[in-house]
Each structure stands twice: as structure tokens, then as C-alpha cells.
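# Results of the structural survey
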Amino acid sequence: MDGAAIPATLVIFGGSGDLARRKLVPALYNLARARLLPATLAVVGAARAELTDDAFRAELHDAVARYSRTQPLDEDVWRSFAAHMHWVSTPGDDGYAALGRTLDRLDLELGTKGNRLFYLATPPGAYVPIVRAIGRHALARTTEGWSRIVVEKPFGRDLASARSLSEALSDVFREDEIFRIDHYLGKETVQNILVFRFANGIFEPLWNRRYVDHVQITVAESLGVEERAGYYEQAGAIRDVVQNHLLQLLALVAMEPPASFEPDAVRDEKVKVLRALRPIRAGEVAERTVRAQYGAGYLEGARVRGYRQDDGVSPTSETETYVALKCFVDNWRWEGTPFYLRTGKRLPKRTTEIAIQYRGAPHQMFGREAAAGLEPNTLVLRLQPDEGISLKFGAKVPVQGVRIRAVNMDFMYGTSFAGAPDSYETLVLDALRGDATLFTRRDEVDEQWAFVDPIVRGWAAGNATLPLYDAGTWGPTEADVLVARDGRAWRKP
């Protein structure tokens, strides 16, 4: 695996865009501040706009000063980092030819030796034209060094378009050179799922259908669509969150122990889970799915508009902002154990968590009255915010006689460790190193779309309604019914 100390050039297509300003360049600055970048890293911004190198640097200086997780901006670090930042305008083939000349010049001047990381920080519609231009101008094939490309989600909007994108990428790059980024996988708490399960000896024996009653995975947002209405109207919650974030979290929870922590060993096990997902066919969506859309309501005491009243949204929109699914992993470990997934916008708070609820004791020897305060044992992995892990269990109340009450044992990241790196810092550094463990492989993407596409078709055929839920609530009553039919209830984070 290539080390991060190898000099390289990072080309950011969409280099002056929102993702570059808010996430990518602040992440690079923080890596430079922590001395984790190669001794020489050139950053080349590329887009249609005409900018000078100095104007590009000044624009990103202000962005890093505003969005960096470390404050205030260290001007010495910035000057050293920005010294090798350049801009190339790419309005057409002439622009890509100029980009090629710039990359060749940097190889000679800085000793980057043809090591190139291309980052697509553009709207998805630009991916294929950019990749074809890279191939046409042979930017990814040098006499020495490596070439890689980072692709932001969405990876298509269905299985057919995802495969078409993969084919276009594979015309220019090998699969081991393609890094499909899901920023959720770069979060420290998400990576800790594997450490928690497989580095400790006490949890894995209880991580199966014999002891687990069910699993709930929640990705909740308090915000609405904000400036993303144009994208969201086409994607909805199913494509925006379920197809990627939620299914990746499910795979990490349900996967078997890999033989090693090598990229393909980990991803092989995730793919097995995705292939074992019981399909939700078009005719089953009414029983195993709920879709809904937020209406007007109150959040933190303030009145907020409904989705159809948001800027850029059709007043007759049928786009879902909430999805709940009842899933099963049909394998030896999990057969018959339901995985309840839900995501939504304009919910009471922003939170992502995984709750593993265990089966009750087979015999309650303390009597109904003494155990009135007993609740199911629940292991909760809080991924954001308030990152940590809690375990709920019954304890004796210190009174005469026996009375049991549920209590929590908590671990908090903030009290045990210093500040965690941003997920983009982790993922960009891994891409420079060539470590694909936290990136999504082509067959993972295909399996995720193969699971989601029949659900979307069932909804399009009118097999499920689109109820409204008040902003500031935990979703529609139909979602409560989905789990109540099994004698269960959603956990309130």
C-alpha cells in the first residue's frame, strides 16, 4: 500500500465549488497542520471559470478560515500549503491540454513523479464527460507513478445508470484505482463499529439471532432540503440516504468477521450481507416500507414550512423526505431478525445511531411488580452527535426488597479522546495512500441499487401512499405501525 509520504498532485475538478471550499481544502489544510500530508503535495483546481493562481489561493484562504474545524487559521501553515496551489481553466479540450501541461510541469519541478489523484467535486452530470476527457488526454497514464480517481455520491440514480457510470470509469481507470466516497464511512464512530465488534471478545458471541431481538438504524436530520431542492426533488430520501449511508451501516453491523483488515477482505464481507438482504418486491412495499413527506410544523419553538412550500420544490411534489424499512438478512447469523431502518428530514433533532435490542431473560424470577421498571437490554452506538456507546441494563434500586430499574452505562468519545478528524480528512488521506478500505466497491454499489430499485418501482406503481408528517415530529404514524405490527416500537434517540 502506498505511503502518504510519496509526493503527489491532487486535481480537484470543481475546485472553486461548495464541496471544495467547505470540505476538501479545509481537510487538506488540517492534514498539513498535523503534518500528515506528503512532503510535497500540489493541488490543482480545475473548472470552467477563469481564475489566476493568486485569486484561487485567496478564495480558498477565506474558505479555510471560515470552515476549518481548527481555529484560528495558522497563517504559516496556510502559506506553506498554498505555495503549491494552482488553477487551470477547463472549458473544453484546450483546457484539458493545458491541465496536462501543468501536471507534467509539476512532475518536473516538484518531483511528484506522475502520482495523480483526481477528485470529482462536481455535479454528477459532469462525471462522465470529465472522465472521458481525462482518458482522451491521457492524464491518468504516465510513464511512472500511480493514478486514482475519487467519485462523490450519488453513484447513479438506479442500477442501470450506476453500471453505466462504472463502465465509463473503467474505460480509463482500473477498479483498484476508483475510490467511490461515502463520507459516512470516514467518521471515526463508523470505523469504530468494526473495532468494537472484532477487537473485543465479549460482544461478538452475543451478536446474532439467538440473542438479538432486532436492530434499529436511524439517520435523522432536523434541517429541511435547504439549497439542495433541485437535487432532492430527483433523489428523495431513498436515493439520498437509504441507498448509501443506511445500507452501508447495516452491512457493517451484520457482516461476518473478515480474515484481515485489508480493503478487499472487509468489502467482501459487506457484499455478502448486501447479497443476503431479502428483496422488498414491488408488491411488498405496503407491508415493509413507509414513505412520507414533511408538512409545516414547529422545530425548537419556531414555525417551519412544509416541503412543498420550500424554495425550488414543486407545490405538488411527490418526493419522499422520510423512509422506514423492515429488512431481513437471510443468512445463518441473522435469519428472522428484523433490521428496522429509518431516515427523515425535519425530525426533532439531528442524530445517527444504531440500537441493538436484545431478547429478554427467558424466565423472570423477580416477579412482575419488582421488574416493572425493567426495560430490554439495548446497546446503542451513537455515531453523531454526542458520539459514544451506551448499554442499558437492569439494576436493583437501593431500597428494602427487590425493585429493578433500567440504567445506562455510557462511554463518550469527547471525554475519553481529543478531537476527532473530520471524515474528509480521513478519506482524502486514505485515497492518497491507496487504502480503499473505507471506500465503496463497484459490486457493493450494484447490490445496493439492486435492493433499492424494486422499492422505487413499487412506489412509482402506486403501491404505497405518501402521508404527511408534521415537521418537528419523529415521522408519520404509519412508521409506528410498521414496527408495532411486530410488537415493537421505535426508540426515541
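For the structure given in this document, a descriptive report is provided here. (Residues numbered from 1 in each chain as written. Predicted model: local features only at pLDDT ≥ 70, side-chain atom pairs only at ≥ 80, totals over all residues. Heavy atoms only, no water.)

## Topic: the overall build of the protein
Counting its secondary structure elements, the protein contains 14 helices and 17 strands. Computed over its C-alpha atoms, the radius of gyration of the protein comes to 24 Å, within 12% of the 23 Å expected for a compact globule of 493 residues. The buried share of the protein, taken over its 493 residues, is 54%. The long-range share in the protein, meaning contacts at least 24 apart out of those at least 6 apart in sequence, stands at 77%. Per element, the accessible surface of the protein, about 21,900 Å² overall, is 52% carbon and sulfur. The protein carries 62 positive and 65 negative side-chain charges, and their two centres are separated by 5 Å. (Helix = DSSP H or I, 4+ residues; strand = E, 2+ residues; numbered from the N terminus. Rg over C-alpha atoms; globule rule 2.2 N^0.38 Å. Buried < 20%, exposed > 50% of the residue type's maximum accessible area, 1.4 Å probe, protein only. Contact = heavy atoms within 4.5 Å. Areas by Shrake-Rupley, 256 points an atom, 1.4 Å probe, with all protein chains shown as cover. Lys, Arg positive; Asp, Glu negative; His and termini not counted. Charge placed at Lys NZ, Arg CZ, Asp CG, Glu CD.)

## Regarding the packing of aromatic side chains
Enumeration according to the criterion identifies 17 aromatic pairs in this entry. Aromatic ring contacts, followed pair by pair, group Tyr-232, Tyr-294, Tyr-307, Tyr-322 and Tyr-469 into a single cluster. Geometry around Tyr-184 places Lys-187 over its ring, the cationic atom sitting 5.3 Å from the centre. When the ring centre of Phe-328 is taken as reference, the NZ or CZ atom of Arg-278 above it lies at 4.3 Å. (Phe/Tyr/Trp six-rings, centres within 6.5 Å; stacked < 30°, edge-to-face > 60°. Lys NZ or Arg CZ within 6 Å of the ring centre and 35° of its normal.)

## Considering the pairing of strand S8 (residues 289–295)
With seven of seven residues buried, S8 is to be regarded as a mostly interior element. As paired elements, S8 and strand S17 (residues 468–470) share three bridges and run parallel to each other. The residue bridging Gly-295 from the neighbouring strand is Asp-470, located in S17. (Pairing = 2+ DSSP bridges.)

## Structural notes on the sheet that holds strand S1 (residues 8–13)
Strand order across the open sheet formed by six strands is S3-S2-S1-S4-S5-S6, with parallel pairing between neighbours. In this open sheet, the two strands that pair with only one neighbour each are strand S3 (85–89) and strand S6 (178–181). Taking the axes of each pair of neighbouring strands and ignoring which way they run, one obtains an average angle of 20 degrees across the sheet. Alignment of S1 against strand S4 (residues 116–120), held across five bridges, turns out to be parallel. (Axes fitted to C-alpha atoms, helices over the stretch in contact; angles between N-to-C directions.)

## A few points about a nonpolar patch on the surface
Among the surface-exposed residues, Met-365, Phe-366 and Val-402 lie close enough to one another that they form a single nonpolar patch of about 320 Å² accessible area. Among the secondary structure elements, Met-365 is positioned in the loop between strand S13 (351–358) and strand S14 (378–384). (Patch = residues over 30% accessible without salt bridge, like charges linked within 9 Å, V, L, I, M, F, W, Y side chains within 5 Å. Salt bridge = Lys/Arg side-chain N within 4 Å of Asp/Glu carboxyl O.)

## A short note on the side chain of Ser-317
Its location among the elements puts Ser-317 in the loop between strand S10 (302–304) and strand S11 (322–328). For Ser-317, a relative accessible area of 4% puts it in the buried group. Setting aside its immediate chain neighbours within four residues, Ser-317 contacts Glu-233, Gln-293, Tyr-307, Arg-308 and Leu-466.

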